[in-house]
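Residues per chain are reported as follows:
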Amino acid sequence: FFFSSRRRHTRQRSVSWARRCVQETGYNMAGASMMARTHGQPATPTTMGKELANYVYRINDSVQELRKFKTPGKFNGAVGNFNAHVVTCPQLDWITISKNFVESLGLKWVPYSTQIEQHDGMAKIFNTIERLNTILIGLCRDIWMYTSYGYFKLKVIKGEVGSSTMPHKVNPIYFENAEGNLGIANALFGHFSSKLPISRMQRDLSDSTVIRNIGLAFGYSLVGYSSIMTGLKRLDINQEGMLNELDNHYELLAEAVQTVMRRYKKDAPYELLKDFTRGKEVKQADYLSFVENLDIPSDEKEKLKKLKPSLYIGTAKKLAQDITKYIQCAII
């Protein structure tokens with residue numbers, strides 16, 4: 001499975017398609033303002049598109065590693081020393097012959113080995129896919145949480161059942177399915193990466209039974225990728241709900257206010273905003289009153305008064321829209 005170019009191409013295209021689905025979803029939600037959460041608590045606003053772009057960038061990094069991977073190969077005899085070759089034809093430069101032959105097959109020549117190519121290359125690619133799958137598990141969990149908070153609405157598909165006892169349910173099952181399958185795949189990839197590079201002395205056969213299961217790990221991965229792509233197509237953004245939430249959390253602007261105060265060298269801006277906002281839900285009227293009483297230039301006051309949590313997103317929208325500038329978009 002691993003060395004079949006056709007199957008490897010299928011796997012790599014699946015990864016790229018999954019990345020593109022995330023990318024397109026994020027682009028369409030580039031300006032969808034939302035409250036971020038750090039440590040599970042309200043934090044500086046972002047956009048849904050920017051948060052998905054974070055994953056696109058990380059997925060792309062793993063995709064590029066897969067693209068650059070070159071399968072290693074050896075041709076040097078029973079224990080890596082050309083013993084029989086030298087005895088048979090001692091006049092030949094067997095090291096050069098080996099290098100030219102292996103590279104002619106499109107492989108990366110390995111000059112040092114025991115009886116086998118020692119699977120370090122396989123471990124490298126398994127580690128890359130394990131990291132990729134871990135990134136995607138994080139994506140699934142985040143989308144699950146965003147759905148739980150009401151940021152996403154799940155499309156109702158006629159004829160589907162959400163629960164055996166609760167007819168109203170529409171559950172994020174595709175992301176749950178993907179998380180489970182990718183977790184199983186990673187358990188296998190982790191074992192492959194730690195086991196296969198180890199072979200006692202010049203060779204033992206403990207790798208053989210492990211290698212027979214490589215296809216299983218890729219199979220679970222492919223099911224996970226497919227589930228993510230299906231799940232993304234069933235998401236609708238709840239922009240109204242996200243904006244309503246932001247409107248009830250003007251304390252999110254404390255960072256902006258204290259930074260402007262620092263610009264004008266005001267005393268203890270952090271402590272002042274901490275007293276005003278920490279552990280509180282600040283309403284717009286209270287925020288405007290607080291800003292009005294600040295000792296800063298009037299034009300800065302007006303800027304802060306016009307600022308809303310939904311507008312306090314920095315370059316989030318632009319970053320979401322410009323993601324293609326920072327990744328390689330070709331399907332591998």
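Scroll up to find the structure.
Since the structure is predicted, the reported quantities are computational estimates derived from the model, not experimental observations.

(A) Spatial organisation of a nonpolar patch on the surface. Where nonpolar side chains cluster on the molecular surface, the patch consists of Trp144, Met145 and Tyr149 and spans about 290 Å² of accessible area. Mapped onto the fold, methionine 145 is located in helix α5 (residues 120–148).

(B) Broad picture of unusual backbone geometry. The phi torsion at phenylalanine 82 lies on the positive side, around 60 degrees, for a residue other than glycine. As for its placement among the helices and strands, phenylalanine 82 is situated in the loop between β3 (72–73) and α3 (83–88). Judged by its relative accessible area of 9%, phenylalanine 82 is buried. If you check the backbone angles, methionine 201 has positive phi at about 50 degrees while not being a glycine. Mapping methionine 201 onto the fold places it in the loop between α6 (173–195) and α7 (206–211).

(C) Region of interest: the packing of aromatic side chains. On inspection of all chains with the given rule, the structure shows 11 aromatic pairs. An aromatic cluster of three or more residues is present, and its members are Phe126, Phe189, Phe192 and Phe218. In this structure, arginine 37 is placed above the aromatic ring of tyrosine 149, and the distance from its NZ or CZ to the ring centre is 3.8 Å.

(D) How the structure looks around the pairing of strand β2 (residues 41–47). When strand β1 (residues 33–38) meets β2, the two strands line up antiparallel, connected through 5 bridges. Across the sheet, the residue bridging to alanine 36 is alanine 43, located in β2. A loop of 2 residues connects β1 with β2, the two strands running antiparallel in sequence, and histidine 39 in this loop sits at a positive phi of about 60 degrees.

(E) Broad picture of α6. For α6, with 23 residues, the first-to-last C-alpha span of 33 Å sits near the 33 Å given by 1.5 Å per residue. Along α6, the residues classified as buried are Phe175, Ala178, Asn181, Leu182, Ala185, Asn186, Phe189, Phe192, Ser193 and Lys195. The inward-facing, buried residues of α6 contact α5, α7, α8 (214–232) and β6 (235–237).

(F) The layout of surface pockets, seen in detail. Of the volumes computed, that of the largest pocket is approximately 490 Å³. Going through the elements one at a time, β2, α10 (254–263) and α11 (269–277) are the ones with two or more residues in the lining of the largest pocket. Split into classes, the residues belonging to the lining of the largest pocket amount to 6 nonpolar, 7 polar and 5 charged. Taken as a whole, the second largest pocket spans an internal volume of roughly 310 Å³. Taken together, 16 residues make up the lining of the second largest pocket; nearest its centre are Phe69, Lys70, Lys108, Gly121 and Lys124.

(G) Local environment of the pattern of salt bridges. Within the structure shown, the criterion is met by 14 salt bridges. Across the pair aspartate 207 and arginine 203 runs a salt bridge, and its minimum N-O distance is 3.1 Å. Residue classification places aspartate 207 among the buried positions, given a relative accessible area of 4%. Among the residues examined, arginine 203 registers a relative accessible area of 31% and is labelled partly exposed. Between lysine 305 and glutamate 302 there is a salt bridge, with the nearest N and O atoms lying 3.7 Å from each other. With lysine 305 and glutamate 302 both in helix α13 (residues 298–306), this residue pair falls 3 residues apart, about one helical turn. Connected through salt bridges with shared partners, the residues Glu292, Glu302 and Lys305 form a single ionic network.

What counts, and at which threshold
- Residues numbered from 1 in each chain as written.
- Predicted model: local features only at pLDDT ≥ 70, side-chain atom pairs only at ≥ 80, totals over all residues.
- Heavy atoms only, no water.
- Patch = residues over 30% accessible without salt bridge, like charges linked within 9 Å, V, L, I, M, F, W, Y side chains within 5 Å.
- Areas by Shrake-Rupley, 256 points an atom, 1.4 Å probe, with all protein chains shown as cover.
- Salt bridge = Lys/Arg side-chain N within 4 Å of Asp/Glu carboxyl O.
- Helix = DSSP H or I, 4+ residues; strand = E, 2+ residues; numbered from the N terminus.
- Buried < 20%, exposed > 50% of the residue type's maximum accessible area, 1.4 Å probe, protein only.
- Phe/Tyr/Trp six-rings, centres within 6.5 Å; stacked < 30°, edge-to-face > 60°.
- Lys NZ or Arg CZ within 6 Å of the ring centre and 35° of its normal.
- Pairing = 2+ DSSP bridges.
- Expected span 1.5 Å × (residues − 1).
- Contact = heavy atoms within 4.5 Å.
- 1 Å grid on protein atoms, 1.4 Å probe; cavity = no way out; pocket = protein on both sides within 12 Å on 5 of 7 lines; lining within 4 Å.
- Points joined across faces, edges and corners; volume = space filled by probe spheres on them.
- Nonpolar A, V, L, I, M, F, W, Y, C, P; charged D, E, K, R; others polar.

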